[in-house]
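Single-letter residue listing:
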Amino acid sequence: MSPSRRRGQTALEALFILGIILTGVVLIVPPYLDSSEETSIVVQVRNAASDACAYLNTGVKMDDWLHEPLNEILEASNYSSSNFVLEGISTSQSGNVVTVRVRIKSQKSSKFWENSGQQLDSIENGVKEYIIRYVLKANPSASRSGNAILFGRKRAVINVEVSGEGS
Amino acid sequence: MARAQVSIDFLFAVVLVMLTVLNLVYIATGERAQAEEFDLLAKLKVFTVDVRDTTVKVYSVGDGFRVRKELPIELKPGEWVVVALNSKTDKVVVTAKIGGKSYKTEQKLSVPIYEDSSVNLTSGNSVFWIEAEYDKTGGKTNVTLSP
């Protein structure tokens, strides 16, 4: 077959190959996206948690929707550094629910926090609320249901544990 | 394959490269915005601590001592920073409105403040003085902020 006759024509075999490539894409992409979604949730929660620690340690209050849950903690610590450290993050997955556990430690004693009127429980709630808002802001497609974040079919539950020095 | 023609594999490759580049740009802009925000928080904090330390120094030196302070942040029109000394709580309070967001931070002073005073810093007016004055009738040193 001379080149002049083939021009402007799609060969049948090219369509076949294209079909095979597209089928491959359709088969491979969804599971890949699935696992990458979980990783991205964990990465975002981690970023949010370390951001919360940095914000609390800096001790400058910002009046906006995102930082509002942390501001009470900031006021309780007199705008001084509370030395919050992100100790670790662990995840577990069962079905469509991803549970992320965040452990944060304050170098101030739990007595200090009790005296300041902010129990460790309310710090946990504040940080949790901040993480949820942070993730929601970063993912316009995600929505919220109670204390969980919905990513399409996936459900992310965030647990925050805060411990003080000597507790 | 004919020469000087765009092949479908090449188009695929271009699309994949573009996707990667776009994602990288998106991540980079997000990180940059966050870094800038944190930079501002840190600057405000350092400034507040600086004002606190200078106030203590001015109080210790005593009557007639003045120190010139300048805000380390470049303000745009419409943005402001208010530095205040609170006599009730003995604190330096810095409130700011920068880039449409409000900021507030405090520092506890280790010296007493007898008189409330504050300065309003705006763009083109970011200098103020911290000065000490001995009050003979009260027998105490007043530290005040003045533009």
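1. Comments concerning the confidence of the model for chain A
Reasoning step 1: Confidence in the prediction of chain A, expressed as mean pLDDT, is 84, and 93% of residues score 70 or more.
Reasoning step 2: Of all the helices and strands in chain A, helix 1 (residues 3-6) of chain A carries the lowest mean pLDDT, 54, while strand 1 (residues 61-62) of chain A carries the highest, 89.

2. Some details on the interface of chain A and chain B
Reasoning step 1: In this complex, chain A contributes 18 residues to the contact, which on the side of chain B involves 18 residues.
Reasoning step 2: Three residues, Val60, Met62 and Tyr79 of chain A, lead the burial of chain A against chain B; their summed loss comes to 38% of the area buried on that side.
Reasoning step 3: Inspection of the region where chain A meets chain B yields 1 salt bridge.
Reasoning step 4: Taken together, the links from chain A to chain B amount to 7 residue pairs in polar contact (both at pLDDT 80 or more).
Reasoning step 5: Elements that contribute at least two residues to the side of chain A that touches chain B include exactly helix 2 (12-58), strand 1 and helix 5 (120-138) of chain A.
Reasoning step 6: Of the residues contributing to the side of chain A that touches chain B, the split by class is 9 nonpolar, 5 polar and 4 charged.
Reasoning step 7: As paired elements, strand 1 of chain A and strand 4 (residues 101-108) of chain B share 2 bridges and run antiparallel to each other. Directly across from Met62 of chain A, in strand 4 of chain B, lies its bridge partner Tyr103 of chain B.

3. Notes on the sheet that holds strand 5 (residues 117-122) of chain B
Reasoning step 1: With antiparallel pairing, 5 strands are arranged side by side in an open sheet as 1(A)-4(B)-3(B)-2(B)-5(B). Strand pairing shows two members of the sheet lacking a second neighbour, strand 1 of chain A together with strand 5 of chain B, which therefore form its edges.
Reasoning step 2: Sheet analysis places strand 3 (residues 91-98) of chain B next to strand 4 of chain B, joined by 8 bridges and oriented antiparallel. Its bridge partner being in strand 4 of chain B, Val94 of chain B is matched across the sheet by Thr105 of chain B.

Procedures and definitions
- Residues numbered from 1 in each chain as written.
- Chains lettered and ligands numbered in written order.
- Predicted model: local features only at pLDDT ≥ 70, side-chain atom pairs only at ≥ 80, totals over all residues.
- Heavy atoms only, no water.
- pLDDT = per-residue confidence, 0-100.
- Helix = DSSP H or I, 4+ residues; strand = E, 2+ residues; numbered from the N terminus.
- Contact = heavy atoms within 4.5 Å.
- Buried area = accessible area lost by both parts, 1.4 Å probe.
- Salt bridge = Lys/Arg side-chain N within 4 Å of Asp/Glu carboxyl O.
- Polar contact = N/O pair within 3.5 Å; in protein donor to acceptor, adjacent residues only side chain to side chain.
- Nonpolar A, V, L, I, M, F, W, Y, C, P; charged D, E, K, R; others polar.
- Pairing = 2+ DSSP bridges.

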